[in-house]
Amino acid sequence: MQSLSVVTILLFVGGSFGATSLSQDQINTILQAHNNYRSAVSPTAANMEYMEWDDSLATIAQSWADGCDFAHNPSPEATYSGSSVGENIYAGTGSYNAGKETENWNSEVSDYTYSSNSCASGRVCGHYTQVVWASSNKLGCGMKLCSTLATVNWNNANLVVCNYAPAGNFRGQKPYVSGTSCTQCANGNDNCSDNLCGSPSATGATGSPSGNGGGSSNTTSTPNQGGGDNGAARHASMLSLGGVVVTLLILNMMQG
């Protein structure tokens, strides 16, 4: 068995971070950014679910961010009941603009081709596919200002961790089913607004953050943790230094 580590670098112009925790306004901004990008996918999604805030996922994300290590949590679902958990992480310096991390993750759409479910050669798309993974309807994030960020040895750097449930980026699967909005909502859910299944605006609900954990996955596949067609959001990370974002993707390619 051979193990090969590949490092792919992707540059973006982006913002940076500076707060030590997420305020309610920051939570709302990050959540709204995710739902805005999910509602605007092209081609249109027939089964895109509205994403809600999950306090249990946020606790897991904050706990990992508090460790100040630019690396992924190897088992974020260990203390989460009901489903697998995906993860995007982002690190940067400077003042924090809530939603900028989501904007940078979503910007990978320019390198993703839906029809072939593939990413441009040498590029990274795993953050984007996790953000718009149709069944990932729970989100929780945490952020920590680190005096020293391990692995990359940065000083006064901010580490942002977002966890998703159920996890996305399953090998061989597209992030969503294309078609007329809300025509293939899961569990017969027909509350549709802004192209999203189960949107609270369709029922008059406020859509405020909740503490609901769990969720379920309708697939028996295992999350793509080793690259594959789109890369793996659980093993793809973003760095921001001086307004430039660097994406590092570590792929473990196993051959038996």
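Everything here concerns the structure above.
This is a predicted model, so every value here is computed, not measured.

## Notes on the overall build of the chain
- A count of helical and extended segments in the chain gives 4 helices and 11 strands.
- Taking all contacts inside the chain whose residues are at least 6 apart in sequence as the whole, residues at least 24 apart take part in 77%.
- Entry remark: accessible area of the chain is about 10,800 Å², with carbon and sulfur atoms responsible for 47%.

## Looking at the pattern of salt bridges
- For the structure on display, the rule yields 3 salt bridges.
- The partner of E52 in a salt bridge is K138, with the nearest N and O atoms 3.1 Å apart. Residue E52 is located in strand 2 (residues 52-53), and its partner K138 is located in strand 6 (residues 138-149); the two are separated by 86 residues in the primary sequence.
- The exposure class assigned to K138 is buried, which follows from its relative accessible area of 10%.
- D111 is the partner of R123 in a salt bridge, and the nearest nitrogen-oxygen pair spans 3.2 Å. Here R123 is found in the loop between strand 5 (118-119) and helix 4 (126-131), whereas its partner D111 is found in the loop between helix 3 (100-106) and strand 4 (112-113), with 12 residues between them in sequence.
- The exposure class assigned to R123 is partly exposed, which follows from its relative accessible area of 35%.
- Take D111: its relative accessible area is 13%, and that puts it in the buried class.

## Some remarks on the nonpolar core
- Core analysis: the largest hydrophobic core is formed by 30 residues, its most contacted members being L22, M48, W53 and L139.
- Elements with a minimum of two residues in this core: helix 1 (24-39), helix 4, strand 6 and strand 7 (154-165).
- Once residues within four sequence positions are removed from consideration, L139 is found in contact with I30, L31, H34, M51, E52, W53, D54, L57, C162, N163 and Y164.
- Counting residues in hydrophobic clusters, the runner-up holds 12 residues, among them A91, L149, A157 and V161.

So, how was this worked out
Residues numbered from 1 in each chain as written. Predicted model: local features only at pLDDT ≥ 70, side-chain atom pairs only at ≥ 80, totals over all residues. Heavy atoms only, no water. Helix = DSSP H or I, 4+ residues; strand = E, 2+ residues; numbered from the N terminus. Contact = heavy atoms within 4.5 Å. Areas by Shrake-Rupley, 256 points an atom, 1.4 Å probe, with all protein chains shown as cover. Salt bridge = Lys/Arg side-chain N within 4 Å of Asp/Glu carboxyl O. Buried < 20%, exposed > 50% of the residue type's maximum accessible area, 1.4 Å probe, protein only. Core = buried A, V, L, I, M, F, W, Y, C linked by side-chain atoms within 4.5 Å.

Interpretation note: all reported values are geometric properties and have no functional meaning in isolation.
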